[in-house]
Each structure stands twice: as C-alpha cells, then as structure tokens.
Amino acid sequence: MSDEILICRCEEVTEQEIKDAIKNGASTVDGVKRVTRAGKGLCQGRTCRCLVENLISRETKTPVEELEYPNNRPPVRVMKVKALAELDKEDQ
Amino acid sequence: MKREAEIVVIGSGIMGSSIAYNLAKAGKEVVVLEQNEICSGTSSATAAWLWPSDKTPEHYGRLAWHSMEIYKNLEEELGADFEYTITGSLELIWTEKQIESAKKLIELEEKLGHEVKILTQDETIKMEPVINPNVLGAIYCEEDGNLNPFLLVNAYIQAAKRHGAEINTNTKVQDLIVKGNSIKEIVTNKGSIKPGLVICAAGMYSKELAKKIGVDIPIHPERGFCLVSERLPKMLNTTVCGARQTASGNIVFGFVKDTVDSIDRKMYSRGMQMAANDIMRDMPSLGDINIIRSYTGIRVIPDDKFPILGPSEIIDNFWLSVTHSAVVFNCALSEIIVQLVNGERDTDSIPYYAYKRFIK
C-alpha cells in the first residue's frame, strides 16, 4: 500500500502517519488513535479499526488476536445534546 | 528493558512524562514504566483547560502562574505542536454568591500580577454569542487557554527519548521489593529492574501501589464526564468552564463532578445526561449538535487538594508526584522534582506539597 493512502477517512489520517506513530511506540488501536486522530471521527473507528489493527500487527509482528481491543463508549450512534439531556425521561 | 537505572518513573501520563523529560534533560538516567500506552489514564480524559487564574490560595496560584510561564516556550523546546492556545477563559455567573467570591479572586490575582475581570451579561454574550442570554455575567481571564493532552504527553515522551530516557509501555509494576528501607527491585510483567530512585506518577493507581510498601497516599477519586461533539465550524472563542472547542473543531463538554469510591471509568447514562443538562443550561442553542462520544475520567484528589510531591520520607528512595490538574501544574512540579533530585532544595521548601505534611 502506498504510504499516502488514507486509512482513517473521517479524520484523513494516512498510512504513513500511523506507521510513524507505531514506530514512536504506539502499540494498540487506542494508542494510535490518541496521537494520530485515527478513529476520532464521526464513525468512531468503525471503518478504520480493522485497518489500523492490521497495520499494528504487521509493524509490531503481533497477531491481531493479541492486540488490545479499543475502548468502546456510548453513544453507539451520534445523538443530539438535547436527546441526551432527556435520557431519564425515557425511563419514566 | 534495562535491568537497573538511576531513576525509575512509574506512569506516563502528563506528570510522569513531564518528569521523565525534565530529568533526562538534566542528564539523569531515566526509565519509565507504563502499564498501558502513554497518556491512557486520567490524562487521557482531561478536558485540558489551562486555567491558572482560579487557583487559590496564593501559594497555589503562584505555582500555577509559574507553570504557565514555562509553557510559553515549551512547544519550541520540545520541538512539537500540542495545540497550546491562549483563548481567555470564562466562568459563567449564575448567582450573586459567585460574584462575591469572584471579587476575592480578583484581589488575589491582582496581587499575583494578573487580571481577572467580571463581565456583564452583555459583555459575556458579546464574547461568546452561544451562551445562555440569561446568564448574570462571567469571570474572565485573558491569559487562560487549553491544549491537546495526548500531543503534550507524546511531545514529552519523544523528547525524553531523545535525551536518552527508556520508555517501557505495556509494562505493569507487580511488586516493589523493599530491603533495608529502600526499594531494591521493581518487579514487572516484563522482568525486574533495580532502581536508584523511584518516582510514583501513577495517578489513580498510586494509592494501591504505595500500599504495597506501607506508604499511605491520602487521595480520593472524583469522576468527571465528558461529551465530545462532531467537528463544527468555530463557534467558541474562549475556554468556557464546561466547554471548549479543540483545534480540530470538536467541542469537548464537561465539568460534571461525581464523587465515587472506585476508580471505575464505566460510563453511566446518568453521567451523560448530567453533562448534557449542563450544556442545555449554559449554551441552549447547542441542543441540536451531535455528540459522537462520551468518556469518563477519574480526577485524583489529594485529601487536602494540593499536590503530593517529592520524597515520601518513609521509604528512602520512594518519591511521589500525585495530583489533579497536572495540565496546569506539571511544568512547575517537574521543575521542583529536578531541583529536589539535584539537592538544590529540600522538602522544607515545599511545606504545602511535601508528603511529610501528612505525617503527624
């Protein structure tokens, strides 16, 4: 893959940027995310997570299954602020 | 991993990475032990406001402003951009009582050589049009700002490496072997290391770690919740107490405080709702923006609220650097650590921060 290829489309992070982060010590999907922004966009890594995992696996020679799974956080889909403010009213 | 080192720093959040860099720069042999990735504990969950202007009392305010002074050249010194921006800060005023305490703050800040102002309702709305027009006013300081904590920690770590520090991630401290009142060996999942000096910058994990060697660290956890918006066109000009817009355009909301008795960072819907309600109160016109993520963070609060810094003076080579608000204070606190290591000052010179203040 060419190094200018976009891995994270939402935040426009290239393969080279991710490889650099791994070279500088990032060894998990979350570690790569924190310094490159890959996975911080609208889809929250749905599109790029597997690609990032594979890059880490290749660069660090670690099987994908042994890589720590990234933290998942709510909301599962984007939600408006006013909808979150009404959360407990939903339960009533 | 090295099998022995002059100084071992446990933890690579903002405090640990800042200390590692400053000690390495001062010519010390430094090894960092980080159980996860760099900047993955509380430092990964900070809203990252640079807010020296509300730090009281006087000694604490002075420490904060000294740290801010060091920040001015830090990006250049580290050769990295960590989105350090001075935006000015706004703390919204909703009650008369706030105005009274603001007046005291203004006096203190004037004494320290800085200006804090009370803005009227009109002035507040002019500065931040999205704020609730019913606000009474705001406390404003033009010298405050914010930064990107991940890039800050990364900058410190890469610079520390350039100065010869060894950084070990995914390396968890399992045991501290004490003989003759000093730590002779640190046992980790990646092997053992013999330390000269051990500096614990393990944030919320410090209490459990220090307990292993009979040092009680009086800290308690306080949970905060943050909500992150999608990227938006620039709509926040300042760092508002409760919201700031990052360099990438996301707005990070959150100043909710929930006292907890665990260091669990699980997100509760109640937490998200509390944060969302604060937004609806402060900036009701932002009700329609999309939230893409939430997260929690555990603030590490020393029982008397001030940093715990330097020798424990219980175990000879066990030092501490445990505090909240490391974003503001790390520069000044690291500088003190270097001075203590070099023997340029002693713990009597930091009466409010030395661990021995807890030993009665």
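For the structure, check the block above.
Enquirer: Give a description of the overall build of chain A that names residues and reports values.
Expert: Counting secondary structure elements, chain A contains 5 helices and 3 strands. Along chain A, from the amino end to the carboxyl end, the secondary structure elements read β-β-α-α-α-β-α-α. The C-alpha radius of gyration computed for chain A amounts to 16 Å, which surpasses the reference 12 Å derived for 92 residues by more than 25%, pointing to a less compact arrangement than a globule. For chain A, the proportion of its 92 residues judged to be buried stands at 45%.

Enquirer: Provide a residue-level description of unusual backbone geometry, including the pertinent values.
Expert: In terms of backbone geometry, most residues other than glycine have negative phi values and most peptide bonds are trans. Cis geometry is adopted by the peptide bond preceding proline 75 of chain A, which originates at proline 74 of chain A and carries an omega value of -5°. Assignment of secondary structure puts proline 75 of chain A in the loop between α3 (49–60) and β3 (79–80). The phi angle at cysteine 39 of chain B is positive, at roughly 55°, despite the residue not being glycine. With respect to the secondary-structure elements, cysteine 39 of chain B resides in the loop between β2 (30–33) and β3 (49–50).

Enquirer: Please set out the sheet that holds strand β8 (residues 145–146) of chain B residue by residue, giving values where relevant.
Expert: Residues and elements named next belong to chain B. If you trace the 3 strands from one edge of the open sheet to the other, you get β3-β8-β4, paired in antiparallel fashion. Both outer strands of the open sheet, β3 and β4 (85–86), are each paired with one neighbouring strand and no more. Direction of pairing for β4 relative to β8: antiparallel, over a ladder of 2 bridges. Bridge pairing in β8 links isoleucine 86 to glycine 145.

Enquirer: I'd love a proper account of the environment of glycine 88 of chain B, names of residues and values included.
Expert: Residue and element names in this part refer to chain B. If you trace the backbone, glycine 88 turns up in the loop between β4 and β5 (89–93). Since its relative accessible area comes to 0%, glycine 88 is described here as buried. Once residues lying within four places of it in the same chain are set aside, the contact partners of glycine 88 are Tyr140, Cys141, Glu142, Asp144, Thr238 and Thr239.

Enquirer: So what's going on with the interface of chain B and chain A? Residues and values would help.
Expert: With 39 residues of chain B at the contact, the number on the chain A side is 31 residues. Taken together, the two surfaces of chain B and chain A that pack against each other cover about 2900 Å², and 48% of this comes from carbon and sulfur. Looking at the side of chain B facing chain A, the largest losses of area belong to Glu37, Ile292 and Arg293 of chain B, adding up to 23% of the total buried there. Counting across the interface, chain B meets chain A through 2 salt bridges. Aspartate 288 of chain B serves as the salt-bridge partner of lysine 82 of chain A, at 2.8 Å between the closest nitrogen and oxygen. At the junction of chain B with chain A, the criterion picks out 18 residue pairs in polar contact (both at pLDDT 80 or more). Residue composition of the side of chain B that touches chain A, grouped by class: 15 nonpolar, 16 polar and 8 charged. Pairing analysis gives 2 bridges linking β3 of chain A to strand β18 (residues 290–302) of chain B, with the strands arranged antiparallel. Note on β18 of chain B: the bridge partner recorded for methionine 79 of chain A is isoleucine 291 of chain B.

Enquirer: Give me the side chain of threonine 238 of chain B: which residues, what numbers.
Expert: Relative to the helices and strands, threonine 238 of chain B resides in the loop between β13 (219–229) and β14 (239–240). Setting aside residues up to four positions removed in sequence, threonine 238 of chain B forms contacts with Thr87, Gly88, Leu90, Met127, Glu128 and Ala243 of chain B.

Enquirer: So what about the nonpolar core? Which residues, and what values?
Expert: With 66 residues, the main nonpolar core has Tyr71 and Phe82 of chain B as its most contacted residues. Among the elements that take part in this core, helix α9 (residues 326–341) of chain B stands out by supplying 11 residues, more than any other. The two domains that each donate at least three residues to this core are domain 1 (4–49 + 150–218 + 304–358) and domain 2 (89–142) of chain B. In this structure, phenylalanine 82 of chain B is in contact with Tyr71, Leu74, Glu75, Leu147, Asn148, Leu151, Leu152 and Ala155 of chain B, ignoring residues within four places of it in sequence. In terms of nonpolar packing, the next biggest core, distinct from the first, is built from 30 residues, Val81 of chain A together with Leu227, Met267 and Leu286 of chain B among them.

What counts, and where the lines are drawn
- Each chain carries its own residue numbering, running from 1 in the written order of its sequence.
- Both sets of labels track the order of writing: A upward for chains, 1 upward for ligands.
- Only residues with pLDDT of 70 or above have their local features reported here, since the model is predicted, and side-chain atom pairs are shown and tallied only from 80 upward, although totals for entire chains, interfaces and linings are computed over all residues.
- Side-chain metrics rest on all non-hydrogen atoms present in the structure, leaving aside hydrogens and water.
- The helix and strand labels rest on DSSP assignments: H or I over at least four residues marks a helix, E over at least two residues marks a strand, and numbering proceeds from the N terminus.
- Throughout, the radius of gyration refers to the C-alpha atoms, and the reference size of a globule is 2.2 Å times the residue count to the power 0.38.
- With a 1.4 Å probe rolled over the protein chains alone, any residue whose accessible area is under 20% of its type maximum counts as buried; one over 50% counts as exposed, and the rest are partly exposed.
- Two strands make a pair as long as DSSP finds a minimum of two bridges between them.
- Contacts are assigned to residue pairs that have any heavy atoms within 4.5 Å of one another.
- Take the accessible area each of two parts loses on contact, using a 1.4 Å probe, and add the two losses: that sum is the buried area.
- We count a salt bridge whenever a side-chain nitrogen from Lys or Arg sits within 4 Å of a carboxyl oxygen from Asp or Glu.
- Counting of polar contacts relies on pairs of N or O atoms within 3.5 Å, with two restrictions inside protein: one atom must be capable of donating a hydrogen and the other of accepting it, and residues adjacent in sequence are counted only when both atoms are side-chain atoms.
- In this count, Pro and Cys sit with the nonpolar residues alongside Ala, Val, Leu, Ile, Met, Phe, Trp and Tyr, while Asp, Glu, Lys and Arg are called charged and the others, Gly among them, polar.
- The nonpolar core is taken to be a set of buried Ala, Val, Leu, Ile, Met, Phe, Trp, Tyr and Cys residues, with the residues joined through side-chain atoms within 4.5 Å.
- Domain borders in the structure are assigned automatically or taken from a domain database.

Treat this as a map of the structure, not an account of what it does.
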